[in-house]
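Each chain is listed here by its residues.
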Amino acid sequence: MKYSASLIGASVLFGAVSCKDKEKTVETGGAEESVVEKVAETVKEAISPKAKSSLSDEERAAKLGFAKFLPKDTEMVMSVYNSEKVAEQLKALKLYGLLESELGMGDMLPVPDGPLIEEDLLEDEDAVAPDAEQAEDPLDGDLDGDLEEEMMEEPSPWLLLGQEVTIALGATAGEQTGRLLTLNRRMAYFQARALGKAAQSYAKTGKMDEFAEELENELSEGLIKNLLEDSESGIELFDKTEMPPLYIAFRAKEEELEQALQLVNGGMGIFGMAGEMVAPVDFETGGAQFAGFKLLGSEIAKTMDAEREDMEEMLSPEVIDGILKSISKKNLVVVTGTVGDYVVMMIGGSEESLKIAADVKDSLVATDNLKFADPFADKQLVSLIHGEKELWDELIKEAGGLGTYALGLRDGISGGGGMGVTRDLEAMLEIVADREKELLTLGVSSDLGLVAYAEDGLKIESYGGYDKGAVEWAAKTKLAHLGDSDDNMLFLNIPSNAAYDEKMGDYLEAIVETMYAATVKFSELEIDAPELAELKQYMKLFDGEFRTDVVGLYSALNGMSDGLGHEMAVVMDLKGSMPAIPGIPQELVDEGKVPRITMIAPVIDRSKIKDGWKEMDLRATALLAKVSEMTGEKIPMQKPISSEKDGMTTWFFAMPFFQDDFLPSVTVSDEWFAMSTSKTQSLDLMSKAAAGGETGGGIEFYVNFSAITDYADAMLKVVDKNSAVVFTEDYELESFNREKVQMKKVIDACREFDSMSWTVKKENGQMHGSVHFKTK
């Protein structure tokens, strides 16, 4: 029986939202009660993060589990705690119970060596009772009772996963991750180069089968050959690559430790199939004994050398020699053992690289790397993650992006072919890569620390990590107070970095221009291909009729954007009036509510917004006129209507069912700009912005689940009250009456969820993120 890791992960993360420790009381009398209270208060103060923000090595070791056995040079650790407890708390949720009972998501019981069956079936004697012939088991009575019982019992998944699971990477993890990403980046480059070469083949003949053949050849054997012979991803890189120390630890109860070890060792049987390529290995580290297997590179190299003739059909003798020499020096060690109350599997390139700390002072907890978790020592931890800066640096440096594909395409088409002169297109592809590189230079990284714990739901605190440079952390946000209203269903406030916005705009512009240039290049090919003929027709039409106005429209949007500041807020509530759209009963229009959403930003130059709007109107009018001429149907450009209030001008188009509270519109003043589905909301928010309030900083995001459930409940009542006019057909009304009972249950179950908030700020030069999935 295998258990889904994703299911366990979901249980941990989503189950924790209801984690609340019940208060425990001790019945004592008189003086004894007073002493108990004093002792409890003393203990509380001792472990309170406010009272003690820095723990001793021993205190940290007692809280953070297997980290006390990891060596100091560990570069990444991820622990998940209390999974079984969290799962039980998940089951206490009303929503879980509803899903379990109403939607058929009941507990599944494992059947040894067979399918899963529903628990309900076991309660039905007729469903599982064997007939007379089936009841006769030829093995009945031949098995020892204990053995038979053991064969029938399926171990609980919580045996390994219930208390703590830790995965860690030791020294050289960042360096080796970088090498792996280099290989991946070069693979992306060669794939893009293959596409460029295949495009050149198609440009010669216009035959898609030749395009497909060229691409397939380059992506199969050609890709391996290119990677191995490449100066960046070839033998030299392979020679430096090795498995960094990997630790996987499962905490088990003392009486279940041996059984847990047997479960982990069950996966080691695969090495028995490797024959002479593996050798048994055992050694001691940190006072613990480990045993397992070593996959011998020398033996693998011998096996590969026996098939050298086949390899030489694709690779040169020099490359093959280099591969075999490199492989012969590499081993893979996989061992298991017990350390304290943990079952541990260790994987690495050598026995020497796999180390267990014999003393807390020699372990990871004795460093400052896990100090970020100290203030949460009295919490019910759900997860802890630490990753060193080097991991982030290598990830950003070597991962690559669209620029890698751009350079591959550049080199793929530069070899000549049916596309003719490609120097301009090659230069544009290189510009894409350069602008991506410039954008990435704004990013910085630091050590990452993250701790998740149960308190009024689930809280997650993160420190450091990767900052791509998109946020102006030092700026005081002027719109933060717009999120104060309890009526908000959603609120988002971000102060963007002007330098990042500019470089991102340049990057996107380069991508669009390059895509257009490539399309033009193909439309100019003198080959006979049906799909190309259609492309030529569209490009001729676009260049002749639309290009000038589309470019003008894009420029106008950029001009308007230049008139806005680098802060933005999005506010969404559920108080909007229902529009009088044909087909919606008047009763719903009178009593119903719809969501309203507004994006608001500061104005730094109103004249640019005005000029941009005029240009947009001019270009949009021209485009519609051309579309009208092409289709033979007159599509006049609607003229916007404006209204003024307290220095705020709202622009909108007239429609029969529009009204102030349901009016897609743009409102602008000398200080603020808003795009909204509701004129009423945008005016209210702009007035509140102008009045000012408490400033903020960094990213603020909030979702009000209570408002959502209240809205759903209110709307269900409105529909139920007016169901006779909403559902005109009898079968529709009957269906609604059946389903509303279930809908009420879902709404009631969802009332356990209060809100979700996420803030990210920069404190003492380091990012600090806080997430709270709050429950009631």
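Rules used in this analysis
- Residues numbered from 1 in each chain as written.
- Predicted model: local features only at pLDDT ≥ 70, side-chain atom pairs only at ≥ 80, totals over all residues.
- Heavy atoms only, no water.
- Helix = DSSP H or I, 4+ residues; strand = E, 2+ residues; numbered from the N terminus.
- Buried < 20%, exposed > 50% of the residue type's maximum accessible area, 1.4 Å probe, protein only.
- Contact = heavy atoms within 4.5 Å.
- Areas by Shrake-Rupley, 256 points an atom, 1.4 Å probe, with all protein chains shown as cover.
- Expected span 1.5 Å × (residues − 1).
- Arc of directions from axis to C-beta.
- Pairing = 2+ DSSP bridges.
- Patch = residues over 30% accessible without salt bridge, like charges linked within 9 Å, V, L, I, M, F, W, Y side chains within 5 Å.
- Salt bridge = Lys/Arg side-chain N within 4 Å of Asp/Glu carboxyl O.
- 1 Å grid on protein atoms, 1.4 Å probe; cavity = no way out; pocket = protein on both sides within 12 Å on 5 of 7 lines; lining within 4 Å.
- Points joined across faces, edges and corners; volume = space filled by probe spheres on them.
- Nonpolar A, V, L, I, M, F, W, Y, C, P; charged D, E, K, R; others polar.
- Phe/Tyr/Trp six-rings, centres within 6.5 Å; stacked < 30°, edge-to-face > 60°.
- Core = buried A, V, L, I, M, F, W, Y, C linked by side-chain atoms within 4.5 Å.
- Lys, Arg positive; Asp, Glu negative; His and termini not counted.
- Charge placed at Lys NZ, Arg CZ, Asp CG, Glu CD.
- pLDDT = per-residue confidence, 0-100.
- Axes fitted to C-alpha atoms, helices over the stretch in contact; angles between N-to-C directions.
- Left-handed = near helix turned anticlockwise from the far one by under 90°.
- Parallel < 35°, antiparallel > 145°, perpendicular 65-115°, else oblique.

This brings us to the overall build of the protein. Scanning the protein from terminus to terminus reveals 29 helices and 22 strands. For the protein, with 776 residues in total, the buried portion stands at 40%. At a minimum sequence separation of 6, the contacts of the protein that also span at least 24 residues come to 72%. Looking at the protein as shown, the accessible area adds up to about 42,400 Å², and 56% of this sits on carbon and sulfur atoms.

Here helix α21 (residues 423-440) contains 18 residues, and its C-alpha end-to-end distance of 26 Å stays within 8% of the 26 Å for a straight helix at 1.5 Å per residue. The complete set of buried residues in α21 reads L425, E426, L429, V432, A433, E436 and L439. Seen along its axis, α21 keeps its buried residues to an arc of 150°; they face one direction. Away from its buried face, by an angle of more than 90 degrees, α21 presents the exposed residues R423, D424 and K437. Contacts made by the buried residues of α21 are with α20 (402-413) and α22 (498-523).

On to the pairing of strand β14 (residues 567-577). For β14, the buried fraction is high: eight of the 11 residues fall into the buried class. Sheet analysis places strand β13 (residues 488-495) next to β14, joined by seven bridges and oriented antiparallel. In the sheet register, L492 faces β14, and the bridge partner there is V570. Looking at chain direction, β14 and strand β15 (residues 593-602) are connected through seven bridges and run antiparallel. Bridged to V571 within β15 is T598.

Together, Y538, L541 and M630 give the surface a local cluster of nonpolar side chains, amounting to about 300 Å² of exposed area. Considering the arrangement of structural elements, one finds L541 in helix α23 (residues 530-562).

The next thing to look at is empty space enclosed by the protein. This structure, assessed with the given rule, holds one cavity of 30 Å³ or more. Here the largest cavity is characterised by a volume of approximately 40 Å³. For the largest cavity, the full set of lining residues is L55, R60, K63, L64, A373, D374, F376, A377 and L381. A per-element tally of the lining of the largest cavity places helix α3 (residues 57-64) first, with three residues. Across the lining of the largest cavity, the residue classes tally to six nonpolar, no polar and three charged.

With the rule as written, the count across this model stands at 42 salt bridges. The salt bridge involving D549 is made with K626; its shortest N-O contact spans 2.7 Å. Separated by 77 residues along the polypeptide, D549 in helix α23 and K626 in helix α25 (residues 606-631) bring together distant segments of the chain. Here D549 falls in the buried class, since its relative accessible area comes to 5%. Across the salt bridge formed by K721 and E591, the nearest N and O atoms sit 3.3 Å from each other. Of this pair, K721 sits in helix α27 (residues 705-721) while E591 sits in helix α24 (residues 586-591), and the two are 130 residues apart along the sequence. Residue classification places K721 among the exposed residues on the basis of a relative accessible area of 62%.

The next subject is α20. An ideal rise of 1.5 Å per residue puts 16 Å on 12 residues; α20 measures up with 17 Å between its terminal C-alpha atoms. In the core, the buried residues of α20 are packed alongside α11 (173-205) and α21.

When we look at a pair of aromatic rings, we describe it by the centre distance and by the angle of the planes. Summed over all chains, the structure comprises 15 aromatic pairs. Note on F271 and F293: the rings are 5.4 Å apart at their centroids and 15° apart in plane angle, and the pair reads as stacked. Of this pair, F271 sits in the loop between α15 (257-265) and β6 (278-285) while F293 sits in strand β7 (residues 288-296); the two residues are 22 residues apart in sequence, bridging distant segments of the chain. Look at F271 and you get buried, because its relative accessible area is 14%.

Here the focus is the environment of L215. Topologically, L215 is positioned in helix α12 (residues 208-219). In the structure, L215 is positioned 14 residues away from S201 in sequence and 9.4 Å away in space, judged by C-alpha atoms.

Moving on, we come to the nonpolar core. One finds F66, F290, M346 and L370 to be the most contacted residues of the largest nonpolar core, which totals 34 residues. Membership of the second largest hydrophobic core comes to 24 residues, among which are A87, L160, V264 and I347.

On the surface, a cluster of negative charge is contributed by E221, E307, E309, D310 and E313. Residue position: E221 is located in helix α13 (residues 221-229).

What follows is about the confidence of the model for the protein. Confidence in the prediction of the protein, expressed as mean pLDDT, is 85, and 86% of residues score 70 or more. In the model, residues 1-51 has pLDDT below 50 throughout and makes 61 contacts with residues more than four positions away in sequence or in other chains. Here residues 108-145 is modelled with pLDDT under 50, and outside its nearest four sequence neighbours on either side it reaches 26 contacts, counting other chains as well.

Turning our attention to the packing of α22 against α23. For the pair α22 and α23, the least separation of the axes is 9 Å and the interaxial angle reads 145°. Pair α22 / α23 crosses with left-handed handedness. Across the interface between the two elements, E509, Y516, T519, V520, F522 and S523 from α22 touch L532, L535, K536, M539, F542, D543, R547 and Y554 from α23.

The next subject is the pairing of strand β12 (residues 457-467). Most of β12 is tucked away, with 10 of its 11 residues classed as buried. Judged from the nine bridges that link them, strand β11 (residues 444-454) and β12 form a sheet pairing that is antiparallel. Among the inter-strand pairings, L450 is bridged to a residue of β12, identified as S462. Hairpin connection from β11 to β12: two residues lie between these consecutive antiparallel strands, with D456 at a positive phi of about 50°. Bridge analysis of β12 against strand β22 (residues 766-775) gives seven bridges, and the strand direction is antiparallel.

Structurally, G583 can be placed in the loop between β14 and α24. Since its relative accessible area comes to 78%, G583 is described here as exposed.

This paragraph deals with unusual backbone geometry. With the exception of glycine, the majority of residues adopt a negative phi angle, and the majority of peptide bonds are in the trans configuration. Positive phi outside glycine occurs at D646, with the angle close to 50°. Position of D646 among the secondary structure elements: in the loop between β16 (641-645) and β17 (648-652). Backbone geometry at N764 places phi at a positive 55°, although glycine is not the residue there. Assignment of secondary structure puts N764 in the loop between β21 (753-763) and β22.

With that out of the way, let us pick up the packing of α11 against helix α19 (residues 389-399). Close contact between α11 and α19 brings their axes to 8 Å; oriented N to C, the two are set at 15°. One element, α11, and the other, α19, form an angle in the roughly parallel class. In terms of crossing hand, the pair formed by α11 and α19 is right-handed. Residues A173, G174, T177, G178, L181, T182 and R185 of α11 form the contact with α19, whose participating residues are L391, E394, L395, E398 and A399. Broken down by class, the residue content of the contact of α11 with α19 amounts to five nonpolar, four polar and three charged.

This paragraph deals with the side chain of K68. Checked against the element boundaries, K68 lands in the loop between α3 and β1 (76-81). Although K68 is buried, it makes no salt bridge; D341 carries the closest opposite charge, 5.5 Å away. Not counting chain neighbours up to four residues away, the residues in contact with K68 comprise A61, Y342, A357, V360, S363 and V365.

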